[in-house]
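Close look at the chain arrangement
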Amino acid sequence: MTVQAGAAITDAATTPPRPERRPFRLGVGRWGLALYSVLAFVFLLIPIVYTIVFSFNDYRRTNISWRSFTLDNWLGVCNAQGVCEAFANSILIAVVATVIATVLGTMIAIALVRYRFRFRAGTTLLLFLPMATPEVVLGAGLAAQFLAVGVAKGIGTIILAHVMFCISFVVVTVRARVASLDPALEEAGRDLYGSPNQVFWRITFPLLLPGIMAAAMLSFALSFDDFIITTFNSGAAVTFPKFIYTAAARGIPAEANVIASIVFFASIIIVVSAQLTTAARRKRLAKKA
Amino acid sequence: MAFGAFATEAPAAEPAPRKKSRIVLFLLLPGVLYLLVFFATPLVSLILTSLQAPSVIGDIGRYDYAFQWQNYVTVIETYWPQILRSFVYAALATLFALLFSYPLAYFIGVNLRRFPLLQALALTLVIAPFFISFLLRTLAWKQIFADEGWLVGTLQSFALLPSDAQINGTPFAVIFGLTYNFIPFMTLPIYASLERLDLRYVEAGNDLYASSWTTFRTVTVPLSMPGILSGVLLTFIPAAGDFVNASRDFLGSTDTAMIGNVIEANFLVLQNYPAAAALSILLMAAILILVSFYVRRSGTEDLL
C-alpha cells in the first residue's frame, strides 16, 4: 500500500519540465490512490451501516439475524428495559464532565501559551501523561484510590474520572487556537482603554470560542463513548456503553442500535454544519479582503 | 470532532513573556490540582496497592499495605502469555493501521488539497466511526464474522477456509478489531503532517532524478515522521491496554486474553487488587519507556 502512495507521488522525472502554475502531477497513481481511498471509506463505514440497518430489524430476543423491516424499535425506543436510563445517565455524565473539563482546560491552555512560569515543563508533562496512559491503568488507578479513601462508586465518581481524562484533550485543542490568536487585537483593545475584563470577554473569548466549542465537542464524545475507565469506577450505575457491554453476553436489543444511530446522525449534523459555517465565514472574509 | 486535536496549524510564535504570577496561578491552579488529585495520586495509590498483601489468607478482597514485591514476580509468572500477547497484538494492529492509513492520509492531505470541501468530507468519513458506539461497532464485526454468517460461508465454499474453521475468537479477529477501532488515531496525525508537506521538496527530488519510490522514501516519509510517530503512539497505547476486542463476548476467546482483560478480571471479578495493580504498573512502565523514546526524538515541547 505504501508502494502505491510512492508511485502516486509523481512521474515528473519522465516528463519534460512544465513551467506553468500546476507544478505537481500525480499521473496514473492518483486514480489508484483515489480508488483505494474510496474502498477504505467503505470499509470504515461497514459497521456503522450494519448498526443502522439492524436498528430496523424486527428482532425476537436477539438482534443477530435479519428477520424483517419494522419501525417499532424507533417508535418505542425506551421499550427495551434499561436502555433509556443508561442513555440518560451517559448524557448527564457527558454534559457535566464536558462543562468542567472545558473550563479547567481552557484556563490552562491560556496560561500555557501566554505566560512563562517556573513549572511550565512540569505542567506540560502532567497534561501529557494522562493521554499516554492506557485507559485500564487510569481506570484501575482511580478505582484503587476510591477504594483506599472509601468513596462509594456511582455517577459522581464516573464524572470525576471523565473530567480527569478530558482535560488534556481540551488543553491540546484550545491551546492551538490561543497560539494562532493575534496578540495585537488584544493590545488594540487595551489601547482603547478596555479593562482586562472587557478585553477578555469582548475580544479574547469570542475569538477563542470556535476552539473551545471544538474542545467541548471532543470532550463530550470521549466521555459519552468511554467504557474502559467507566467500568472501573461506575459501581452499580449503568451508562450506555456499559449497558451494551453487559447486554453483549445475552443479546443486544435493537433499541440500542436506534440510540446509537440517533447519536451518530446528531454528531454528523453538528460536525457538517460546523464545517459549513467555517467555510462560509472564510468565504465572507476572503470577499472582504 | 477529534481531528481538531490533530489537524491544527503549527503554533504561531508565542508572545513575549509577561510576569503576572497571580493570573497564572488563578488559571493553572484548579486544573493542575484536579490532575494531581485525580490522576497523579491514583497512580501512587496504584503503586501502593500493587505491594499489598492479603489481610488474612483466604479472605477475598481485603488487603493491607506491605512491601510485597513478590506480587510482581507472581503476576509475571502467571500472566506472561497475556502480557506478551498484548504487545504483539498491539504492535501488529499498529503496523496494519499504519499500512492502511498512510495512503488514505496521503490522498486526503495531498491530492484533495485544492478541494477544501471534499477534504472536509473525507475527514468526516475518517472520524465517522467515532460517532457510533465503540462497542456496537465491534459487535457489528463480530456478527459479520459469525460462524453461520455469509462471510464465513462464502470463504468456506471457495475452500479459502476449512469447513470447521471460525473467525471469531481467533487472534486474527482480535487484531482485526484492534486495527479497525484505532485506524482514525493513525490516519489523523499522519494527515495533519502530510497536509503541511511542501510539495516543492518532492519536486526537487524528482528534478534530481530520484525515482518516485526513492523520493517517497527519502523525502515524503521523513517529512511526515512526526505524524507517523504520534499515530503510532495514539494507536499502540490504547490497543495494548484494550480489553473489549479481545474479550469473549466480542471478537476474542479465552485464548486471546490480553493484559487489559486480566486487569479487569482481577480488579472487578476476583477482587485481587494487588495483582491488577501490579499488572497496571507493568503496562504503564512499558508504555513510559516507549514514550520517553519518543520524547527524546522530538523534544518535550511537541508533547502537546
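The written sequence of each chain sets the order in which its residues are numbered from 1. Working convention: letters from A go to chains and numbers from 1 go to ligands, in the order in which they are written. This being a predicted model, a pLDDT of at least 70 is required before a residue's local features are given, and a value of 80 or more before pairs of side-chain atoms are given or counted; all residues contribute to the totals for chains, interfaces and linings. In computing side-chain values, all of the structure's heavy atoms are included and hydrogens and water are not.

**A word on the overall build of chain A**
Looking only at helices and strands, chain A has 12 helices and zero strands in total. Secondary structure of chain A in N-to-C order comes out as α-α-α-α-α-α-α-α-α-α-α-α. For chain A, the proportion of its 289 residues judged to be buried stands at 51%. Numbered from the N terminus, helices here are DSSP runs of H or I no shorter than four residues, and strands are runs of E no shorter than two. Burial status follows relative accessibility: with a 1.4 Å probe on protein chains alone, a residue under 20% of its type maximum counts as buried, one over 50% as exposed, and anything between as partly exposed.

**Some points on the overall build of chain B**
Counting its regular elements, chain B contains 11 helices and two strands. Moving toward the C terminus, one meets the helices and strands of chain B in the order α-β-β-α-α-α-α-α-α-α-α-α-α. Along the first, second and third principal axes, the C-alpha set of chain B runs to 75 × 75 × 35 Å. Going through the 304 residues of chain B one by one, you find that 53% of them count as buried. Contacts are residue-level and defined by heavy atoms, with any inter-residue pair within 4.5 Å sufficient. In chain B, the proportion of contacts linking residues at least 24 apart, taken out of those at least 6 apart, comes to 67%.

**Some details on the interface of chain B and chain A**
Counting from both sides, the interface comprises 101 residues of chain B and, opposite them, 103 residues of chain A. For any pair of parts, buried area is found by adding up, for both, the accessible area (1.4 Å probe) each one loses once the two are put together. For the pair chain B and chain A, the summed buried surface comes to about 9800 Å²; carbon and sulfur atoms form 77% of the total. In the sections that follow, a salt bridge refers to a side-chain nitrogen of Lys or Arg positioned within 4 Å of a carboxyl oxygen of Asp or Glu. Taken together, the links from chain B to chain A amount to one salt bridge. Whenever a nitrogen or oxygen atom comes within 3.5 Å of another N or O atom, the pair is scored as a polar contact, on the condition that within protein one atom can donate a hydrogen and the other can accept it, and that pairs from neighbouring residues in sequence are kept only if both atoms are in side chains. For the pair chain B and chain A, the number of links is seven residue pairs in polar contact (both at pLDDT 80 or more).

**Section: the environment of B:S163**
Tracing the chain through its elements places B:S163 in the loop between α5 (150-157) and α6 (171-195). Note: C-alpha distance between B:S163 and B:Y191 (28 residues apart in sequence) is 42 Å.

**Some remarks on the confidence of the model for chain A**
Every residue carries a pLDDT, the predictor's confidence in it, which falls somewhere between 0 and 100. Residues at a pLDDT of 70 or more form 90% of chain A, whose mean pLDDT is 87. Within chain A, the lowest mean pLDDT, 40, falls on helix α1 (residues 2-9) of chain A, and the highest, 96, falls on helix α10 (residues 228-233) of chain A.

**Brief notes about helix α10 (residues 259-269) of chain B**
Residues and elements named next belong to chain B. Within α10, eight of the 11 residues are buried, leaving the element largely enclosed by the surrounding structure. When we look at burial in α10, the residues that qualify are I259, G260, N261, V262, I263, E264, N266 and F267. Once α10 finishes, Q271 follows within two positions and takes phi at roughly 55°, a positive value.

**As for the packing of helix α7 (residues 155-179) of chain A against helix α1 (residues 21-50) of chain B**
Lines are fitted to the C-alpha atoms to define the axes, a helix being fitted only along its stretch in contact, and any angle between axes, read from their N-to-C directions, falls within 0 to 180 degrees. Interhelical geometry of α7(A) versus α1(B) gives an angle of 120° and a closest axis separation of 10 Å. By the angle between their axes, α7(A) is oblique relative to α1(B). Judged by the sense of rotation from one axis to the other, the crossing of α7(A) with α1(B) is left-handed. Residue-level contacts link A:I159, A:L160, A:V163, A:M164 and A:I167 of α7(A) to B:G31, B:Y34, B:L35, B:F38 and B:F39 of α1(B). Residues are grouped as follows: Ala, Val, Leu, Ile, Met, Phe, Trp, Tyr, Cys and Pro are nonpolar; Asp, Glu, Lys and Arg are charged; every other residue, Gly included, is polar. Considered class by class, the residues forming the contact of α7(A) with α1(B) number nine nonpolar, one polar and no charged. Orientation labels follow simple angle bins: below 35 degrees gives roughly parallel, above 145 gives roughly antiparallel, 65 to 115 gives roughly perpendicular, and whatever is left gives oblique. A crossing counts as left-handed when the near helix is turned anticlockwise from the far one by less than a right angle, and as right-handed when that turn is clockwise.

**Looking at the nonpolar core**
To form a nonpolar core, buried Ala, Val, Leu, Ile, Met, Phe, Trp, Tyr and Cys residues must be joined to one another through side-chain atoms within 4.5 Å. Judged by nonpolar contacts, the single largest core of 175 residues is most densely connected at A:M164, A:I167 and B:L104. With 16 residues, the single largest contributor to this core is helix α2 (residues 70-111) of chain B. Contacts of A:I167, omitting those with residues within four sequence positions, involve A:A101, A:L104, A:G105, A:I108, A:L127, B:G31, B:Y34 and B:L35.

**Regarding the state of the cysteines**
All names here are of chain A. The term disulfide is used for any two cysteine sulfur atoms that are within 2.5 Å. One pass over the full model with this rule turns up one disulfide over all chains. With its sulfur 2.1 Å from that of its partner, C78 forms a disulfide with C84. On the sign convention where negative means left-handed, the S-S torsion of about -85° between C78 and C84 marks this disulfide as left-handed. Residue classification places C78 among the exposed positions, given a relative accessible area of 51%. Here C84 falls in the buried class, since its relative accessible area comes to 18%.

**Considering the pattern of salt bridges**
A side chain with one charge may pair with a side chain of the opposite charge, provided their charged atoms come close. For the coordinates displayed, the defined rule picks out four salt bridges over all chains. Notably, a salt bridge pairs A:D58 with A:R60, separated by 3.2 Å at the nearest N-O pair. According to the relative accessible area criterion, A:R60 is partly exposed, its value standing at 49%. As a salt-bridge pair, B:R200 and B:D198 come within 2.8 Å of each other at their nearest N and O atoms. When its relative accessible area of 60% is taken as the criterion, B:R200 is described as exposed. Judged by relative accessible area, which is 27%, B:D198 ranks as partly exposed.

**Points about the environment of B:L123**
Residue and element names in this part refer to chain B. One can find L123 in helix α3 (residues 116-127). A relative accessible area of 6% places L123 in the buried class. Sequence-wise, L123 and G231 are 108 residues apart; in three dimensions their C-alpha atoms are separated by 16 Å.

**Comments concerning the packing of helix α4 (residues 83-114) of chain A against α7(A)**
Residues and elements named next belong to chain A. Running from N to C, α4 and α7 point in directions that differ by 40°, and their axes come no closer than 6 Å. What the angle tells us is that α4 and α7 run oblique. As for the relative orientation of α4 and α7, their crossing is right-handed in sense. A class-by-class count of the residues in the contact of α4 with α7 yields 23 nonpolar, five polar and two charged.

**Considering the packing of aromatic side chains**
In this description, an aromatic ring pair is defined by two values, namely the gap between the centres and the angle between the planes. Here the aromatic set is Phe, Tyr and Trp, taking the six-membered ring for Trp, and pairing holds for ring centres within 6.5 Å; pairs whose planes are under 30 degrees apart are stacked, those over 60 apart are edge-to-face, and all others are tilted. In total, this model carries 37 aromatic pairs over all chains according to the counting rule given. Residues A:F43 and B:W141 carry aromatic rings whose centres are separated by 5.5 Å and whose planes lie at 35° to one another, so their mutual orientation is tilted. Taken together, the residues span two chains, with A:F43 in helix α2 (residues 28-53) and B:W141 in helix α4 (residues 134-144). B:W141 carries the same exposure label as A:F43, and that label is buried. Ring pairs connect the aromatic residues A:Y36, A:F43, B:F100, B:W141, B:F145, B:F172, B:F176 and B:Y180, which therefore count as one cluster.

**Concerning a nonpolar patch on the surface**
For patch detection, residues must exceed 30% relative accessible area and be free of salt bridges, and they are connected within 9 Å for like charges or within 5 Å for nonpolar side chains (Val, Leu, Ile, Met, Phe, Trp, Tyr). With residues, only the protein chains shown are counted as cover, and all accessible areas are computed by Shrake-Rupley using a 1.4 Å probe. Together, B:I76, B:W80, B:L84, B:V88, B:L92, B:L95, B:F96 and B:L99 give the surface a local cluster of nonpolar side chains, amounting to about 700 Å² of exposed area. Summarising the element assignment, B:I76 is placed in helix α2.

**What about the side chain of B:S247?**
Residue position: B:S247 is located in the loop between α9 (225-241) and α10. Excluding residues that lie within four positions of it along the chain, B:S247 makes contacts with A:Y245, B:G252 and B:N261.

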